[in-house]
Amino acid sequence: MKILVASPIDSDALDQLRTRHDVVVAFGAPEEELRRLAVDREAIVFRSGVSISSEVLAAATDLRLLVRAGSGLDNLDLEQVRRRGIELRRVPGPGAQAVAELTFGLMLSLARGITLGDRLLHQGHWAKSELVGYNLTGKTLGIVGLGSIGSRVAALGSAWGMRPVGCVHTPSPTRAAEFAAKGIELTDLDNVLAAADFLTIHVPLGAETRGMIGAAELSRVKPGAFLVNVARGGVVDEAALLHELRPGGRIRGAGLDVHVNEGEGKVSPLAGLPNVVLTPHIGAATVDAQREIGQEVVAIVDGTGPTREGSVMGQAAAERA
Ligand code: MLT
């Protein structure tokens with residue numbers, strides 16, 4: 001198969017693809033280059049950080065398979081994919097644990113001032129008396145989006161002695177009972193905002209979720225809460241968050257792995273605030289997760305992976321999780 005690999009994937013997986021297929025590699029290439037390279041490709045493998053736009057897809061006239069080596073579909077023209085009947089496969093599972101673990105990393109960094117203490121100590125400042133933090137144990141963990149990642153965050157929270165409460169796009173008494181059996185209280189967004197000491201965001205970016213956590217929502221957050229976003233930058237309004245993070249605002253601190261503008265040289269409007277921890281969209285970036293994702297990508301391309309029904313999940317379905 002003629003494949004364009006448009007994002008970095010596990011090197012063993014890439015080697016395997018190269019032994020059996022005609023592979024062109026262009027990690028994070030600009031759209032114009034992707035358009036040129038896509039012309040004769042039958043498959044494109046991609047992650048976040050590239051735009052598989054309508055123009056790129058239109059140029060790829062032979063395209064019959066898209067493999068998202070991860071979860072989000074916000075960088076893909078889904079309408080054209082559906083219209084042309086191009087097969088779309090996602091590999092959302094392996095990254096979920098890695099993202100859930102980073103959520104805890106950011107929560108701990110905020111609650112205990114780990115990143116700030118490190119930064120200050122590198123400058124020779126012994127900030128012990130300024131860095132009296134908070135325990136996670138005993139706190140309410142508010143989870144916006146109890147899908148694959150959010151549910152894992154809830155399980156980690158329970159193990160840590162936190163009280164997980166969360167919301168989903170389509171609640172029902174059955175789902176509430178299922179979550180209750182796992183010690184998770186299913187409620188609505190307003191209750192999650194009001195109850196959470198730690199508020200974590202785990203919804204995909206789409207028409208319904210863009211700006212979902214804006215000024216109005218942030219004004220209902222429990223004063224002194226910490227916010228962690230490992231989903232997509234566009235879900236949280238960065239200007240409104242900046243307002244609430246300043247002295248007198250409701251949010252004590254924010255940990256952000258995702259940003260409205262991402263990539264080399266892009267500076268977050270929240271950069272420089274002492275109560276903000278920023279990471280460069282590394283949620284799924286563990287050797288373990290990427291190795292597993294890489295093997296699934298190879299199996300999908302080789303036609304030896306799980307059935308289409310078993311692994312295809314459109315953005316709309318993902319949003320409903
Ligand atoms: C994902 O959606 O899977 C994550 O954002 C990871 C990535 O694509 O780099």
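Higher on the page you've got the structure.
Residues numbered from 1 in each chain as written. Predicted model: local features only at pLDDT ≥ 70, side-chain atom pairs only at ≥ 80, totals over all residues. Heavy atoms only, no water.

### Considering the packing of helix 5 (residues 93-112) against helix 12 (residues 287-302)
Working step 1: Contact pair helix 5 / helix 12: the axes reach a minimum separation of 8 Å and the direction vectors enclose 165°. Taken as axis vectors, helix 5 and helix 12 run roughly antiparallel relative to one another. In this structure, helix 5 meets helix 12 at a crossing whose hand is left-handed. Residues Pro94, Gly95 and Ala98 of helix 5 touch helix 12, and the partners they reach there are Ala289, Glu292, Ile293 and Glu296. (Axes fitted to C-alpha atoms, helices over the stretch in contact; angles between N-to-C directions. Helix = DSSP H or I, 4+ residues; strand = E, 2+ residues; numbered from the N terminus. Parallel < 35°, antiparallel > 145°, perpendicular 65-115°, else oblique. Left-handed = near helix turned anticlockwise from the far one by under 90°. Contact = heavy atoms within 4.5 Å.)

### Examining the environment of Ala215
Working step 1: Following the sequence through the fold, Ala215 ends up in helix 10 (residues 215-218).
Working step 2: Along the chain, Ala215 and Glu244 lie 29 residues apart, while their C-alpha atoms are 8.6 Å from each other.

### Brief notes about the packing of aromatic side chains
Working step 1: Taken as a whole, this structure holds three aromatic pairs when the rule is applied.
Working step 2: Between the aromatic rings of Phe104 and Trp160, the centroid separation amounts to 5.6 Å while the plane-to-plane angle is 35°, which identifies the pairing as tilted. Taken together, the residues span a long stretch of sequence, with Phe104 in helix 5 and Trp160 in the loop between helix 7 (148-159) and strand 7 (163-167) at a distance of 56 residues.
Working step 3: Geometrically, the ring pair formed by Tyr134 and Phe226 is edge-to-face, given 6.0 Å between the ring centres and 70° between the ring planes. Here Phe226 lies in strand 10 (residues 225-229) and Tyr134 lies in the loop between helix 6 (114-122) and strand 6 (140-144), a separation of 92 residues in the sequence.
Working step 4: Linked through ring pairs, Tyr134, Phe198 and Phe226 together constitute an aromatic cluster. (Phe/Tyr/Trp six-rings, centres within 6.5 Å; stacked < 30°, edge-to-face > 60°.)

### Here's the deal with the layout of surface pockets
Working step 1: Approximately 280 Å³ is the volume found for the second largest pocket.
Working step 2: Contributing to the lining of the second largest pocket are 21 residues, with Leu110, Gly113, Leu116, Leu131 and Phe226 lying nearest its centre.
Working step 3: Looking at the lining of the second largest pocket, the elements that each hand over two or more residues are helix 5, helix 6, strand 11 (251-256) and strand 12 (276-278).
Working step 4: Classifying every residue of the lining of the second largest pocket by side-chain character gives 11 nonpolar, six polar and four charged. (1 Å grid on protein atoms, 1.4 Å probe; cavity = no way out; pocket = protein on both sides within 12 Å on 5 of 7 lines; lining within 4 Å. Points joined across faces, edges and corners; volume = space filled by probe spheres on them. Nonpolar A, V, L, I, M, F, W, Y, C, P; charged D, E, K, R; others polar.)

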